[in-house]
Amino acid sequence: ADGLMSKSTLESMPPFAELLADGDLLPEELKDIWNAAPKFPEVNIAAEDARVDVDSFVQIYRDVDGLFEDEENEDDKDLDSIAQGESSPTSGEEMNLSADVEEGEDEEDDFE
């Protein structure tokens, strides 16, 4: 083998195949990441014939992984702000709802 990989081969490999099947990675997201990676040979070829080398594969893998790191960082920020007593929009709403229940207010009155 020449050490190059096609997009269809990439899509069939774990973890990419699993992420796509579970809906955690959208085909459009993978397409954008694939399109951003350098292809070999670097000549005008049909998109379906484009292939990547090891360095490009590592870039694609890191870019896909980066999608999930961003989500994890946002989740961590939300947890940190809750832990520090700050309220995010959702945690503030949840706190207000639980305060209403604790005060013994009848929530059904709000829906009439």
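Up top you'll find the structure we're talking about.
Just so it is clear, the model here is predicted, and its values are computed rather than measured. (Residues numbered from 1 in each chain as written. Predicted model: local features only at pLDDT ≥ 70, side-chain atom pairs only at ≥ 80, totals over all residues. Heavy atoms only, no water.)

Peer 1: Is there a simple way to think about unusual backbone geometry in this case?
Peer 2: Across the chain, the bulk of peptide bonds are trans and the bulk of non-glycine residues have phi less than zero. Cis geometry is adopted by the peptide bond preceding Pro-15, which originates at Pro-14 and carries an omega value of 5 degrees. Summarising the element assignment, Pro-15 is placed in the loop between helix H1 (7–12) and helix H2 (16–22). (Helix = DSSP H or I, 4+ residues; strand = E, 2+ residues; numbered from the N terminus.)

Peer 1: Can you walk me through the environment of Asp-55 in this structure?
Peer 2: By secondary structure assignment, the location of Asp-55 is in helix H4 (residues 54–83). In the structure, Asp-55 is positioned 17 residues away from Pro-38 in sequence and 8.8 Å away in space, judged by C-alpha atoms.

Peer 1: Please explain the nonpolar core as it appears in this structure.
Peer 2: Burial of nonpolar side chains together is a common tendency in soluble globular proteins. Formed by 14 residues in total, the largest nonpolar core has its most connected members in Leu-10, Phe-16, Leu-25, Leu-30, Val-52, Ile-60 and Val-64. Those elements giving two or more residues to this core turn out to be H2, helix H3 (27–36) and H4. Sorting elements by how many residues they give to this core places H4 first, with 4 residues. The contact partners of Val-52, leaving out residues within four places of it in the chain, are Gly-3, Leu-4, Met-5, Trp-34, Ala-37, Pro-38, Lys-39, Phe-57 and Ile-60. (Core = buried A, V, L, I, M, F, W, Y, C linked by side-chain atoms within 4.5 Å. Buried < 20%, exposed > 50% of the residue type's maximum accessible area, 1.4 Å probe, protein only. Contact = heavy atoms within 4.5 Å.)

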